[in-house]
Amino acid sequence: MDLNVLLPRLLALAWLLPLCSFALIVFFGPRMGRAGRYAAHVATTAIIAACVLSFASLGLWLTQHPVGAAHGAHAAAVPPHINGDWYSLGEFGSLRVTIGYYIDALTLCMFCMVTLVASCIHVYSAGYMHGELHDVFDTFGPTEEGRMIRRRGRYYRFFQCLSLFCFSMLGLVLAGNVAMVFVFWELVGICSYLLIGFWHERKSASNAANKAFIVNRVGDFGMIVGLMAVWTGMGTFSFGDYKVTKADGTVAMAPGIFSQVRPAANEHKLQIPDGMVKSAVGSQASNVLVGKSDAKAVAVAAQDIRDLSAPQKLKDWRSQGLGYGLLVIAGLGIFCGCVGKSAQVPLHVWLPDAMEGPTPVSALIHAATMVAAGVYLVGRFYPVFTPEVLMVIACIGCATLFIAATVALTATDIKRVLAYSTVSQLGFMMLALGLGGWLAGMLHLFTHAFFKSLLFLCSGSVIHACGTNEMPSMGGLRRKMPITAMTMLIGCLAIAGAGIPATVIGFSGFYSKDSIIAQDLSFWAANPRLGGWFFYAALFGAGLTAFYMFRLWYMTFAGNPRDGHVYYHAHESPSSMTVPLMILAVLAAVGAWNIPFTGGLGLQSLLQQAQPAGIADGVSGGLYWSSIAMPAQHLAHEHANAIKAEWAAFGVALVGFLLATVFYGLRKLDPADVTRAFPRLYRFLFRKWMFDELYSYCLVRPMLKISDWVAAVDRRGIDWLVDGSARAIEGIARVDDWFDRIFIDRAVNVAARWTYALGMRLRTIETGNVRQYVLWLVVATVGLFVLMSFFWSYAIAG
Amino acid sequence: MGPINWQTCFFFLMAAIACGAAIAVVISSNIVRMACWLVLSLAAVAGLFFLTGAEFLGAVQLMVYVGGTMVLLIFGVMLTARGPFVSMKIGAAQWVVAVIAAGALLTVLLQAAFGTFGQTQGKPIAAAGSSRELAASGNDVADAASYSPLGLGLIGVRIDRLAERDHVLRGGMSGYLLPFEIISVHLVVVLVGAAYLARARRRMVPRHWRGGEQPSGVED
Amino acid sequence: MSIFCEPVGLSHYLVVSAILFVCGVLCMTTKRNVLGVLMGIELVLNGANLNFMAFGSPAICGTSTLGLDGQLIALFVIVLAAAEAAVALAIALNYYHTHATVDVDRGNELKG
């Protein structure tokens, strides 16, 4: 079968399998074995089948589009892709809302990554969540009233949500238009809400779930603005070109978003779409018309509106930069959604709190689904971003990586350290993307997925064994949990970017992080005035990464047990949990390697194939800030640049590692001394840069104040009215009651008493004696005759 | 003073028997005697029916009343009055009241009988001759005994009205088919109901009443 | 003996029926025995029947009809009387079952 038909079907099947599993568990979950224990099998089977289908699709794709073909000559061409629609939901003017697909190498890689990681997490969860198989006596988090809760196990519900989560993420990746992306974007949000709040009896968990949801709403608001700008300016939501049937029946190709922003006619360079130019001209002209300035301007404006579609005029307007603002707004809006989803700096506060969910959920959110969605969308929408937008992305990414890395230094909760490390790594990705390193950023997304899911699952194993999240009460666990310790060590090495400089030997993080640093370096070369900041921040962040990751490892596994009780009860996890760990450990180590004997096939070359058209040579020529230029990616791979970056990265990682060893491994220095030396800094970091306090002060408190005012108005005004009317009605009711009792009741009572008395009199007539009745009958008859004889003669008988 | 009208003589005889037996029913206190007097009274009434020329009705009266009804009554007497023949007397005061009321009723009735119809003199049967007149008009059925017109009347044919010219009047005076049907269904229902009512109800009967033992006695 | 020479008129019959009727009523009021009351009813019905007969009879009223109406009504009355006797006896049996007597004065449960 044709690949253009087969691939969408295969991927749709892989996409819908988790949905089927979800539906099955929704309807039959509690009946799947005792306490729904087979729900895990259903969900795991579905996701593993999806994984197999994804890899099969990837293999099929490679037969048609071998890697490397697009590497050299066609670097400027549109990457190979398959797009189309399965079903049209409706058409509103030029806007078509469809369920469609856009499949390229990035989609396929995401599919494989998501399903693979999710499969591991499913298998792992089957072991991790076994406590939910029976009634749970929740001693972990008492309710608000301080009561402990005994509740039914929710094993099957967990897998139900996991399946929905995977379905949503796959749908987001597969989506062929932005509207569909948005739908699944929200679905991912709601799934994360459900899973973070899985133990919703705990106050902290339900708060965290609410926080995640609400913070994401802020980002999604921006995204809706971006969507509106896209709709207004381009008239379509579709990524790729799509077929339209015209009124006369002919089928023509209509340009999608990518083709409009970077048309082939313009050599895939960024160009303001016609629609945006027109809408800018239109709004400018209508401003003039409404303002009624002077006759000449009005005439010009009217002429402009008449000439809206004239090609020559369009060219003029475009060169004047009309409509560029709309393009920037579209980019910024979309990125705003990604800020919320991918936990970038102003909106990162939900992610550390999301640790309240079960650990496999954290792994899923941090590695494969939720936060990856934001970075994925930035990567997918990359052609639309102007240099200014990219600069904003870079700045936010840089701030995120720095802030999160510093906070991770002071955290003692093992999952919180990992959470901040995730935020920091996401900052790395955004930084790379913002500085023009599309490949570096996306590569880091994948490698990070592998090692971060590994790290989370390891931490889950540790928590499972120790029953606590606090690292200060762990220590020395490597003797009890060798597999977990080893796999976690691999994860730490991978995230620190361990590798041998100047060669291609290293853990997966080595490739991605080094290419990010290299991109920073080349950006510095291109923009000497402000590039340094990014470079040093990234370098510093990389060093901190190594430091806090090894701090975590040393505190958990090395040294001597700090809490004998915890140590005594610790044990290696069952094989259903350790096998996924080992699989992920292998992936974290070799995930970025090229597969031998395949001519350079690997993650990097696959992503290279999916690189959007026209960005290989960098992005420049912003109208508002024309001085900055994102350098071409191949510049970063120039030998001199790359070597410099590799050594720098290696150096800071080594310094971080050594410092961690000195402080926590060998205990030559006491970290408490450092804390005492900088108490304010420590407190500042320990309280997470006061973000929560800031939001509480700026947003929550004013909101509460306003609520208080509104409540006061309610109480004083509306409640007064309501109370007054209630009191008035009460008074009326009292009067009515009095009237009832005095008049109506009395009348009724009197009538009743009379009736009763009459009845009592009359009952004496009823003697119950039949003969007496007969006698009365006779008497009555006689009386009747006598009476009749007065009024009626017998004359008729004559 | 004409010849003695035997019809009148028999009328007075039958009337005397009927009234006397009726009064005897009232007076006697023994239930079995009452039943005997009642039989006599009813038989005399049947005789009166014969006298007025309603032979069929008289026969029915004899069979149904004197036969059926009295058999039923005696059944009842034997079923209920197991003990010695009991008499349940009532006080003199009650007698007085009852007699006064009955006397008043009798007065009213007699006054009505004489006051209204007293002047009407009967015709001798032979003089009436209505059936013969009808027979002369070619109606053979009317000539037969009285049960044939009755039977025809019950199935809806009024032979005495056949000559009625006005078909509207004739329709309105048609026979008694519908009442006949109603009464027959009614009779069935009543008999089934009576059987149901009179069935033996063990629950109501104390244990010691069964097995040949007599009830301890029915008091006065 | 002139009364034996004249044909009997309607009034004769009416008088007999009145006497029978009143005897029946008296019977009903004075008998405490259920069966006595029943006999009274029979007497009353007979008196009524006699009335029907007399009014319908062509020989007595001097009409030129066959007197079918009176006879048919009387026939119905007899049938109804038989039915009534059957039901009344059934009731009397029931009464005897429940009260162990046939005294109607005992059955005063409906006393107000």
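Keep in mind it's a predicted model, so treat the numbers as computed, not measured. (Residues numbered from 1 in each chain as written. Chains lettered and ligands numbered in written order. Predicted model: local features only at pLDDT ≥ 70, side-chain atom pairs only at ≥ 80, totals over all residues. Heavy atoms only, no water.)

Further remarks concern the interface of chain B and chain A. Contacts between the two partners involve eleven residues from chain B, matched on the other side by nine residues from chain A. Each partner contributes to the roughly 890 Å² buried at the junction of chain B and chain A, and carbon and sulfur atoms together form 80% of this total. Applying the counting criterion to the chain B and chain A interface returns one residue pair in polar contact (both at pLDDT 80 or more). The residue inventory of the side of chain B that touches chain A, partitioned by class, reads eight nonpolar, three polar and no charged. (Contact = heavy atoms within 4.5 Å. Buried area = accessible area lost by both parts, 1.4 Å probe. Polar contact = N/O pair within 3.5 Å; in protein donor to acceptor, adjacent residues only side chain to side chain. Nonpolar A, V, L, I, M, F, W, Y, C, P; charged D, E, K, R; others polar.)

Two measures define how a pair of helices packs: the angle their axes make with one another and the distance between the axes. Residues and elements named next belong to chain A. Running from N to C, helix α18 (residues 482–496) and helix α20 (residues 531–557) cross one another at 170°; their axes reach a closest spacing of 9 Å. It follows that α18 is roughly antiparallel to α20 by the angle criterion. Contact with α18, carried on its side by Thr 484, Ala 485, Met 488, Leu 489, Cys 492, Leu 493, Ile 495 and Ala 496, involves Thr 545, Ala 546, Met 549, Phe 550, Leu 552, Trp 553 and Phe 557 of α20 and no other residues of that element. Residue composition of the contact of α18 with α20, grouped by class: 13 nonpolar, two polar and no charged. (Axes fitted to C-alpha atoms, helices over the stretch in contact; angles between N-to-C directions. Helix = DSSP H or I, 4+ residues; strand = E, 2+ residues; numbered from the N terminus. Parallel < 35°, antiparallel > 145°, perpendicular 65-115°, else oblique.)

Right, let's talk about the side chain of Lys 31 of chain C for a bit. Within the element layout of this structure, Lys 31 of chain C appears in the loop between α1 (10–30) and α2 (34–56). Of the side chains bearing the opposite charge, Asp 103 of chain C lies closest to the buried Lys 31 of chain C, which forms no salt bridge; the N-O distance is 12 Å. Within polar-contact distance, the side chain of Lys 31 of chain C engages the backbone oxygen of Val 25 of chain B at 3.3 Å. Residues within four places of Lys 31 of chain C in sequence aside, it is in contact with Arg 771 of chain A, Val 25, Val 26, Ile 27, Ser 28 and Met 34 of chain B together with Gly 36, Val 37 and Val 104 of chain C. (Buried < 20%, exposed > 50% of the residue type's maximum accessible area, 1.4 Å probe, protein only. Lys, Arg positive; Asp, Glu negative; His and termini not counted. Salt bridge = Lys/Arg side-chain N within 4 Å of Asp/Glu carboxyl O.)

With 81 residues of chain C in contact, the opposing surface of chain B contributes 96 residues. For the pair chain C and chain B, the two sides together bury roughly 8,100 Å², of which 76% comes from carbon and sulfur. At the boundary of chain C and chain B, one finds zero salt bridges. Scanning the region where chain C abuts chain B turns up five residue pairs in polar contact (both at pLDDT 80 or more). Put simply, the parts of the chain that give the side of chain C that touches chain B at least two residues each are α1, α2, α3 (58–61) and α4 (68–99) of chain C. With 25 residues, α4 of chain C is the largest single contributor of residues to the side of chain C that touches chain B. Residues of the side of chain C that touches chain B, tallied by class, amount to 55 nonpolar, 19 polar and seven charged.

Turning our attention to a nonpolar patch on the surface. Residues and elements named next belong to chain B. On the surface, Ile 4, Trp 6, Phe 10, Leu 13, Ile 17, Trp 37 and Leu 40 cluster together into a nonpolar patch covering about 680 Å² of accessible area. At the level of secondary structure, the elements contributing two or more residues to the nonpolar patch comprise α1 (6–27) and α2 (31–51). Here the nonpolar patch gets four residues from one element, more than from any other, and that element is α1. As for its placement among the helices and strands, Phe 10 is situated in helix α1. Residue classification places Phe 10 among the partly exposed positions, given a relative accessible area of 43%. (Patch = residues over 30% accessible without salt bridge, like charges linked within 9 Å, V, L, I, M, F, W, Y side chains within 5 Å. Areas by Shrake-Rupley, 256 points an atom, 1.4 Å probe, with all protein chains shown as cover.)

Our next topic: the state of the cysteines. Residue and element names in this part refer to chain A. One pass over the full model with this rule turns up zero disulfides over all chains. You can see Cys 492 has no disulfide; the closest cysteine sulfur is in Cys 458, sitting 8.3 Å from it. Assessed through its relative accessible area of 0%, Cys 492 is described here as buried. (Disulfide = S-S within 2.5 Å.)

Before going further, it helps to spend a moment on the packing of helix α8 (residues 274–291) of chain A against helix α10 (residues 311–320) of chain A. Residue and element names in this part refer to chain A. Between α8 and α10, whose axes approach to 10 Å, the crossing angle comes to 80°. Here α8 lies roughly perpendicular to α10, going by the angle between them. Residue-level contacts link Asp 274, Val 277, Lys 278 and Val 281 of α8 to Leu 314, Trp 317 and Arg 318 of α10. When grouped by side-chain class, the residues that make up the contact of α8 with α10 number four nonpolar, no polar and three charged.

Residue and element names in this part refer to chain A. Residue position: Ser 57 is located in helix α2 (residues 39–64). For Ser 57, the side chain forms a polar contact with the main-chain oxygen of Leu 53, separated by 2.7 Å. Once you skip the residues sitting within four places of it in the chain, Ser 57 turns out to touch Leu 7, Leu 10, Leu 11 and Leu 108.

Moving on, we come to helix α23 (residues 603–610) of chain A. Across the eight residues that make up α23 of chain A, a large majority, six, are buried. Taken together, the buried positions of α23 of chain A are Leu 603, Ser 605, Leu 606, Leu 607, Gln 609 and Ala 610 of chain A.

Of note in this structure, Ala 343 of chain A is not a glycine but carries a positive phi near 55°. Structurally, the position occupied by Ala 343 of chain A is in the loop between α11 (324–341) and α12 (350–353).

All names here are of chain A. In total, this model carries 17 salt bridges over all chains according to the counting rule given. Asp 274 serves as the salt-bridge partner of Arg 318, at 2.3 Å between the closest nitrogen and oxygen. On the criterion of sequence distance, the pair formed by Arg 318 in helix α10 and Asp 274 in helix α8 is long-range, its members being 44 residues apart. According to the relative accessible area criterion, Asp 274 is partly exposed, its value standing at 36%. Measuring nitrogen to oxygen at the nearest pair gives 3.4 Å for the salt bridge that ties Glu 693 to Arg 687. Look at Glu 693 and you get partly exposed, because its relative accessible area is 30%. Taken together, the shared-partner salt bridges in this structure form one network comprising Lys 211, Asp 353, Arg 416, Lys 688 and Asp 692.

This part takes up the packing of aromatic side chains. Residues and elements named next belong to chain A. A full pass over the atoms with the stated rule returns 42 aromatic pairs over all chains. On the basis of an interplanar angle of 50° and a centroid distance of 6.3 Å, the ring pair of Phe 663 and Tyr 664 is categorised as tilted. Each residue in the set Tyr 102, Phe 239, Phe 258, Phe 381, Tyr 382 and Phe 385 is aromatic and connected to the rest through ring pairs, giving one cluster. Over the aromatic face of Phe 198 sits the side chain of Arg 154, whose NZ or CZ is 5.4 Å from the ring centroid. (Phe/Tyr/Trp six-rings, centres within 6.5 Å; stacked < 30°, edge-to-face > 60°. Lys NZ or Arg CZ within 6 Å of the ring centre and 35° of its normal.)

With that out of the way, let us pick up the pairing of strand β5 (residues 242–245) of chain A. All names here are of chain A. Pairing between β5 and strand β6 (residues 251–254): four bridges, direction antiparallel. By the bridge assignment, Val 244 is partnered in β6 with Ala 252. The hairpin turn running from β5 into β6, its antiparallel successor, is five residues long, and Gly 249 in that turn takes a positive phi close to 95°. (Pairing = 2+ DSSP bridges.)

Here we come to the environment of Thr 29 of chain C. Note on placement: Thr 29 of chain C falls in helix α1. Separated by eleven residues in sequence, Thr 29 of chain C and Gly 40 of chain C place their C-alpha atoms 8.6 Å apart. Other than its neighbours up to four places away in sequence, Thr 29 of chain C contacts Arg 771, Val 774 and Leu 775 of chain A together with Ala 98 of chain B.

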